[in-house]
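Working through the structure, step by step
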Amino acid sequence: MTRMSTVLLAGVAMMATPAFAADAWYPYDAQEVTPAFSTDGETTDMTYEALDKAEKPWNICVSFPHMKDAYWLGVDYGVVEEAKRLGVKLNVVEAGGYTELNNQINQIEDCVSGGADAVIIGAISYDGLNNVVSELKGKDVPVIDVINGMSSPDLAAKSLVSFYTMGAETGKYLAEKHPSGSETVKVGWFPGPAGAGWVEAAHKGFMEAVEGSAVEVLEPRYGDTGKEAQQRLVEDVLQADPDVKYIAGTAVTAEAAQGLLRERGLMGDVGILSFYMTPGVYQGIERGFISAAPADSMVIQGRIAVDQAVRVLEGKDYVKHVGPKIFVVDEANIKDVARDNILPPANFSPVFSVN
């Protein structure tokens, strides 16, 4: 197990983290997972420290599932700004959606053929990229798993949080509001695209957290995280179960649900929860339309992935499996949260290359 020599074990609260700046985002409250790459490993609080500069302008390829929502825009902001800060080249590709696994594989192979020294992957499938990861390892091209999770043992590092925990925090929020013995509430649950590692993890965490409470989860509605797809799923549930009391699921689900509930005059009667944070969800919480969401600091996950890639390429110590510390944001604490730690700037547009 490699370790970063500058990492300090700490229990500093997330709210105490210094405000985000383009040239000084670290130290950052994080959690290391040991053994690395395990799905049920032990998490240890730590403070993540990044390199000051890269030794040379490495060529790093980043592959995303899509750029359809503000979540991946945030990750894009993270990888782009960290590449600029470290002084490395970056090429970002996006596959077009969670149904486009073959396209993602082809884009990654093209990246490496084009001279990429390392690849950072936000995976469409938990298992579906294992062959290409193995091939890249054979070519001495390290692969960093960012955000979504992959099962490959041939990865160099992981920069991600536990989506099990993200789902569990959302379920816990509901279970505490509606404990066993209270009146049963029906919840429409929209975990995201079936088969994605992060979706299955979030689903498991959510379901286990509400077990034994007065929360009745309707049949999960899986689907791509495009707004139209999620909107259709929410409409179906509202039509089939008029007495549903909560819509819970992806950030796209939460954002789409706001408009639908307003149209039907249900705002205030049906609560909305997201199991991760986006600018739209953040704004929804500020306005009192969305109840709560855990924040996984996707910008920082992107930054850490680039830092890990450079460390691996330069043979420096690094943390193999790490992610920012998760915390729940709701109406009560949102004014105390450093927004730029967890979201991209409001005016940020997708950037696909750094030279």
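What comes next concerns the included structure.

Quick notes on the rules
- Residues numbered from 1 in each chain as written.
- Predicted model: local features only at pLDDT ≥ 70, side-chain atom pairs only at ≥ 80, totals over all residues.
- Heavy atoms only, no water.
- Helix = DSSP H or I, 4+ residues; strand = E, 2+ residues; numbered from the N terminus.
- Rg over C-alpha atoms; globule rule 2.2 N^0.38 Å.
- Areas by Shrake-Rupley, 256 points an atom, 1.4 Å probe, with all protein chains shown as cover.
- Lys, Arg positive; Asp, Glu negative; His and termini not counted.
- Charge placed at Lys NZ, Arg CZ, Asp CG, Glu CD.
- Pairing = 2+ DSSP bridges.
- Right-handed = clockwise from strand over helix to strand, strands pointing away.
- Polar contact = N/O pair within 3.5 Å; in protein donor to acceptor, adjacent residues only side chain to side chain.
- Contact = heavy atoms within 4.5 Å.
- Buried < 20%, exposed > 50% of the residue type's maximum accessible area, 1.4 Å probe, protein only.
- Salt bridge = Lys/Arg side-chain N within 4 Å of Asp/Glu carboxyl O.
- Core = buried A, V, L, I, M, F, W, Y, C linked by side-chain atoms within 4.5 Å.
- Disulfide = S-S within 2.5 Å.

Points about the overall build of the chain
What the chain contains, in helices and strands, is ten helices and 16 strands. The C-alpha atoms of the chain give a radius of gyration of 20 Å, which matches the 20 Å a tight globule of 355 residues would have. A principal-axis box enclosing the C-alpha atoms of the chain has dimensions of 60 × 40 × 40 Å. Carbon and sulfur atoms form 46% of the exposed surface of the chain, whose accessible area is close to 14,000 Å². One way to put it: in the chain the 28 positive side-chain charges average out to a point 3 Å from where the 49 negative ones average out.

Describing the pairing of strand 5 (residues 89-94)
The pairing of strand 4 (residues 59-64) with strand 5 spans six bridges and is classified as parallel. What sits directly across from N59, in strand 5, is K89. Taken together, strand 4, helix 1 (residues 70-86) and strand 5 constitute a β-α-β crossover, and its handedness is right-handed. The pairing of strand 5 with strand 16 (residues 353-354) spans two bridges and is classified as antiparallel. The residue of strand 16 that forms the bridge with L90 is V354.

Considering the side chain of Q230
Here Q230 lies in helix 6 (residues 227-240). A polar contact is formed between the side chain of Q230 and the side chain of T253, at a distance of 2.6 Å. Sequence-distant contacts of Q230, defined by excluding residues within four places in its chain, comprise F190, G223, D224, T225, T250, V252 and T253.

Here's the deal with the pairing of strand 6 (residues 118-121)
The alternating pattern of strand 6 places A118 and I120 and V119 and I121 on opposite faces, both of which are buried. One ladder, built from four bridges, connects strand 4 with strand 6; its direction is parallel. Its bridge partner being in strand 6, S63 is matched across the sheet by I121. As judged from the three bridges shared by strand 6 and strand 7 (residues 143-146), these two strands associate in the parallel manner. Bridging from a neighbouring strand, I121 pairs with D145 of strand 7. The parallel pair strand 6 and strand 7, bridged by helix 3 (residues 130-138), forms a crossover whose chirality is right-handed.

Comments concerning the pattern of salt bridges
Under the criterion given, the structure shown has 13 salt bridges. In this structure, the salt-bridge partner of R303 is E82, at a minimum N-O distance of 2.6 Å. Pair noted here: R303 is in helix 9 (residues 298-313) and E82 is in helix 1, with a separation of 221 residues, a long-range link. For the pair shown, R303 and E82 are each scored as buried. One network of salt bridges, in which partners are shared, links E55, E314 and K316.

Focus: the nonpolar core
In terms of nonpolar packing, the biggest core is built from 100 residues, with I60, L90, F163, Y276, M277 and I342 touching the most fellow members. Once you skip the residues sitting within four places of it in the chain, F163 turns out to touch Y71, I147, W198, A201, A202, F275, Y276 and D296. Listed in part, the 18 residues of the second largest apolar core include C61, V93, V143 and L155.

A word on the environment of T225
Positionally, T225 belongs in the loop between strand 10 (215-217) and helix 6. Separated by 127 residues in sequence, T225 and Y98 have C-alpha atoms that sit 8.0 Å apart. Leave out the neighbours within four places in its chain, and T225 touches H66, D69, Y98, P193, W198, Q230, T250, V252 and Y276.

Re the state of the cysteines
According to the stated counting rule, one finds one disulfide in the structure shown. A disulfide bridge connects C61 with C111, and the sulfur atoms are separated by 2.1 Å. Residues C61 and C111 are joined through a disulfide that is right-handed, its torsion about the S-S bond being 70 degrees. Taken together, the residues span a long stretch of sequence, with C61 in strand 4 and C111 in helix 2 (residues 101-113) at a distance of 50 residues.

So, the side chain of T170
With respect to the secondary-structure elements, T170 resides in helix 4 (residues 163-177). Excluding anything up to four places from it in sequence, T170 contacts F206, L273, S274, F275 and P294.

Quick notes on unusual backbone geometry
Residue P27 follows Y26 across a cis peptide bond; omega there is 5 degrees. Here P27 lies in the loop between strand 1 (8-9) and strand 2 (28-34). Following T34, the chain continues to P35 via a peptide bond in cis, the omega torsion being -5 degrees. Mapped onto the elements of the fold, P35 is located in the loop between strand 2 and strand 3 (42-48). At D140, a position not held by glycine, the phi torsion is positive, near 60 degrees. Relative to the helices and strands, D140 resides in the loop between helix 3 and strand 7. Residue D140 is classed as exposed on the basis of its relative accessible area of 69%.

By themselves, these figures tell us nothing about what the structure is for.
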